[in-house]
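Each chain, letter by letter, is given below.
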Amino acid sequence: MPGSNMSDQLKDRVAVVTGAGRGIGRGIALILASRGAAVSVSDIDGEAAGTVASEIEAAGGRAHSGTVDVTDPVSINDWTASAISHFGAIDICVPNAGVIGAAGFTERRDYTADDWRLTWGVNVLGMVNTADAVMPHMKERNSGKIVNIASHGGRAPRGVQDPGRGSVQAPYSVSKAAAIQWTHHLAMELGRYNINVNVVCPGRLWTPMWESIALNHKALNPDLADLSAREIFDLTIDATMPLGRSQTPEDIGKAVAFLASDDAAEITGQALNVNGGAIMN
Ligand SMILES: NC(=O)c1ccc[n+]([C@@H]2O[C@H](COP(=O)([O-])OP(=O)(O)OC[C@H]3O[C@@H](n4cnc5c(N)ncnc54)[C@H](O)[C@@H]3O)[C@@H](O)[C@H]2O)c1
């Protein structure tokens, strides 16, 4: 049956993924490569990006890498231009790079001006900069898929420690809500160029980002003082996930692969939760 072989799902496509040196971005890059795409892996940590590119090549895939700070449009433009000259085109763009908060996040109960600046700069403007870099190329080809990575935290408030107080996660959640709305706007703008724009909203994954959140819970809640960060993470999964398990970077990669495939040709401007049912909207 045509299309039944998953390893051919993205055959001959070229994908670029930001923040892909570890965690979810790495999982997305590996899944896209396993589905047949050539992948350019970028991260502000260029060495980590290079390691993931080597993993893809070692598994028989085609890869390219770059050191990219998504807050710097020049850095992104240079990388996407380099990916186009390396592979000939870009079909799929996955703006994934994200940050939870500024330095000291793990110890703080209250957000700071730096939390707002950093989360907005990386999680929102970084996503805009990445789309800006690939848009002219995709428009010219009248073809493209942009799959943003937000969070189910952008759907509803999370992580409130004390009623009547703000949450240190507020800047992050607001930035992710903005990422979802940005996706809607971009889908409106690019639909007539045959470019689909969607957003995946992950739930909870054990990555360095969630380790920071668990350490924050531990610092603020004396009841958690004797638990490890991983044990705190596992408790939140039991308490919040109808499916009773956390998600993996590969789970997010599979949703991205679907939205980047021909099977999703009529899907645009949509936000897809991959969150074990934790938030149902
Ligand atoms: N882990 C979760 O539970 C979870 C849940 C929902 C959404 N997300 C989102 O998924 C994405 C990936 O999260 P993760 O858990 O893998 O985080 P992570 O912290 O493990 O990895 C983030 C990656 O982004 C890179 N990065 C940070 N700032 C950058 C910049 N300015 N330019 C380029 N790269 C930069 C980091 O070097 C790192 O490799 C983020 O957008 C995050 O908000 C994560």
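Because the structure is a prediction, the values reported are computed rather than measured. (Residues numbered from 1 in each chain as written. Predicted model: local features only at pLDDT ≥ 70, side-chain atom pairs only at ≥ 80, totals over all residues. Heavy atoms only, no water.)

Some points on the packing of aromatic side chains
Stated formally: Only Phe, Tyr and Trp rings take part, Trp by its six-membered ring, and two of them pair if their centres are within 6.5 Å. Stacked means planes under 30 degrees apart, edge-to-face means over 60, and tilted covers everything else. The numbering of helices and of strands both runs from the N terminus, where a helix is a DSSP run of H or I of at least 4 residues and a strand a run of E of at least 2. Definition used: whenever NZ (Lys) or CZ (Arg) falls within 6 Å of the ring centre and also within 35 degrees of the ring normal, the charge is taken to sit over that ring.
Scanning the entire structure with this criterion turns up three aromatic pairs. Here the aromatic rings of Trp206 and Phe233 are separated by 5.2 Å at their centres, their planes lie at 50°, and the arrangement is tilted. Residue Trp206 is located in the loop between strand E6 (195–202) and helix H6 (208–220), and its partner Phe233 is located in helix H7 (residues 229–240); the two are separated by 27 residues in the primary sequence. Grouped by ring-pair contacts, the aromatic residues Trp206, Trp210 and Phe233 constitute a single cluster. Positioned over the ring face of Tyr193 is Lys139, at 4.9 Å from the centre of the ring.

A look at empty space enclosed by the protein
Note the threshold: A 1.4 Å probe that fits into a set of points on a 1 Å grid over the protein atoms alone but cannot get out defines a cavity; an open set with protein on both sides within 12 Å along at least five of seven lines defines a pocket, and lining residues are those with an atom within 4 Å of a point. Grid points are joined across faces, edges and corners, and a volume is the space filled by probe spheres set on the points. Gly counts as polar in this scheme, as do all residues outside two lists: the nonpolar Ala, Val, Leu, Ile, Met, Phe, Trp, Tyr, Cys and Pro, and the charged Asp, Glu, Lys and Arg.
Throughout the structure, instances matching the rule amount to one cavity of 30 Å³ or more. Reported here for the largest cavity is a volume of approximately 40 Å³. What lines the largest cavity is Thr18, Val70, Pro95, Asn96, Ala97, Val122, Asn123, Gly126, Met127 and Thr130. For the lining of the largest cavity, a count of residues per class yields five nonpolar, five polar and no charged.

Overview of the layout of surface pockets
The gaps of empty space that remain are located by a probe, the size of a water molecule, rolled over the atoms. As a volume, the second largest pocket reaches approximately 250 Å³. Taken together, 17 residues line the second largest pocket, and the ones lying closest to its centre are Gly144, Lys145, Asn194, Asn196 and Ala265. For the lining of the second largest pocket, the elements supplying multiple residues, two or more each, are strand E5 (144–149) and E6. Residues of the lining of the second largest pocket, tallied by class, amount to six nonpolar, six polar and five charged.

So, the pattern of salt bridges
Close approach of charged atoms lets side chains of opposite charge pair. Test applied: Whenever a carboxyl oxygen of Asp or Glu lies within 4 Å of a side-chain nitrogen of Lys or Arg, that contact is scored as a salt bridge. Only protein chains enter the accessibility calculation, which uses a 1.4 Å probe; a residue whose area is less than 20% of its type maximum is buried, one above 50% is exposed, and one in between is partly exposed.
Within the structure shown, the criterion is met by seven salt bridges. With a closest N to O distance of 3.1 Å, Arg141 and Asp91 form a salt bridge. Residue Arg141 is found in helix H4 (residues 113–141), and its partner Asp91 is found in the loop between helix H3 (73–87) and strand E4 (92–94); the two are separated by 50 residues along the sequence. Taking the relative accessible area as the measure of exposure, Arg141 reaches 35% and is therefore partly exposed. A relative accessible area of 11% places Asp91 in the buried class.

Observations regarding the site of the ligand
The following threshold applies: Only heavy atoms are used to decide nearness, and a residue is near a molecule or strand if one of them lies within 4 Å of it. Counted as a polar contact is a pair of N or O atoms within 3.5 Å, where, for protein atoms, one must be capable of donating a hydrogen and the other of accepting one, and residues adjacent in sequence contribute only when both atoms are in side chains. Here the Shrake-Rupley method, with its probe set to 1.4 Å, supplies the accessible areas, and only the displayed protein chains count as covering residues. Residue ranges assigned to the domains are those given by an automatic or database domain assignment.
Among the 27 residues in the neighbourhood of the ligand, the closest are listed as Arg22, Ile24, Asp43, Tyr172 and Thr207. Between the ligand and Asp69, the relevant distance is 2.9 Å, taken from a nitrogen atom to a side-chain nitrogen or oxygen of the residue. At a separation of 2.5 Å, an oxygen atom of the ligand approaches a polar side-chain atom of Thr207. Contact with the protein chains covers 94% of the free accessible surface of the ligand, which is 830 Å². Residue assignment for the shell around the ligand shows that the elements contributing at least two residues are helix H1 (23–34), helix H5 (170–190) and H6. Per-element accounting of the shell around the ligand gives the leading share, three residues, to H6. Grouping the amino acids of the shell around the ligand by side-chain chemistry returns 15 nonpolar, seven polar and five charged. Counting residues domain by domain, the shell around the ligand receives three or more from each of domain 1 (6–203 + 248–274) and domain 2 (205–246).

Regarding the nonpolar core
Under the convention used in this document: Nonpolar cores were defined as sets of buried Ala, Val, Leu, Ile, Met, Phe, Trp, Tyr and Cys residues, with membership established by side-chain atoms within 4.5 Å. Two residues form a contact once any of their heavy atoms are found within 4.5 Å.
Counting residues in hydrophobic clusters, the biggest one holds 32 residues, and the most contacted among them are Ile28, Leu32, Val39, Val41, Val200, Ile252 and Val256. Secondary structure elements with two or more residues in this core: strand E1 (14–17), H1, strand E2 (38–43), helix H2 (46–58), E4, E5 and helix H8 (249–259). Tallying contributions element by element places H1 first for this core, with six residues. Apart from residues no more than four positions distant in its own chain, Val41 is found in contact with Val17, Ala20, Ala29, Ala49, Val52, Ala53, Ile56, His64, Ser65, Gly66 and Trp79. Counting 29 residues, the second-largest nonpolar core is a separate cluster that includes Ile90, Val122, Ala133 and Ala187.

Observations regarding the domain arrangement of the protein chain
Let me state the cut-off plainly: Simply put, the buried area is the total loss of 1.4 Å probe accessible area from both parts when two parts are fitted together.
Annotation of the protein chain at the domain level lists domain 1 (6–203 + 248–274) and domain 2 (205–246). If you average the C-alpha positions of domain 1 and of domain 2, the two centres end up 24 Å apart. Interface area, domain 1 with domain 2, both sides summed: about 1400 Å², of which 67% is carbon and sulfur. At the boundary of domain 1 with domain 2, the tally comes to zero salt bridges. Put simply, domain 1 and domain 2 have three residue pairs in polar contact (both at pLDDT 80 or more) between them. If you list the elements that add at least two residues to the side of domain 1 that touches domain 2, you get H1 and H8. Taken together, the residues of the side of domain 1 that touches domain 2 break down into nine nonpolar, eight polar and five charged.

Topic: the packing of H4 against H5
The cut-off we apply is this: As a rule, the C-alpha atoms of each element are fitted with a line to give its axis, helices using only the stretch in contact, and angles between N-to-C directions run from 0 to 180 degrees. For this classification, under 35 degrees means roughly parallel, over 145 means roughly antiparallel, 65 to 115 means roughly perpendicular, and everything else is oblique. Rotating anticlockwise by less than a right angle from the far helix to the near helix defines a left-handed crossing, while the corresponding clockwise rotation defines a right-handed one.
Orientation of H4 relative to H5, taken along the N-to-C sense of each, is 20°, at an axis distance of 8 Å. The orientation of H4 with respect to H5, classified from their angle, is roughly parallel. Of the two possible hands of crossing, H4 and H5 adopt the one that is right-handed. Every residue of H5 that contacts H4 at Asp115, Trp116, Thr119, Trp120, Asn123, Val124, Met127, Val128, Ala131, Met135 and Lys139 is listed here: Ala170, Pro171, Tyr172, Val174, Ser175, Lys176, Ala178, Ala179, Trp182, Leu186, Glu189 and Leu190. Among the residues forming the contact of H4 with H5, the class breakdown is 16 nonpolar, three polar and four charged.

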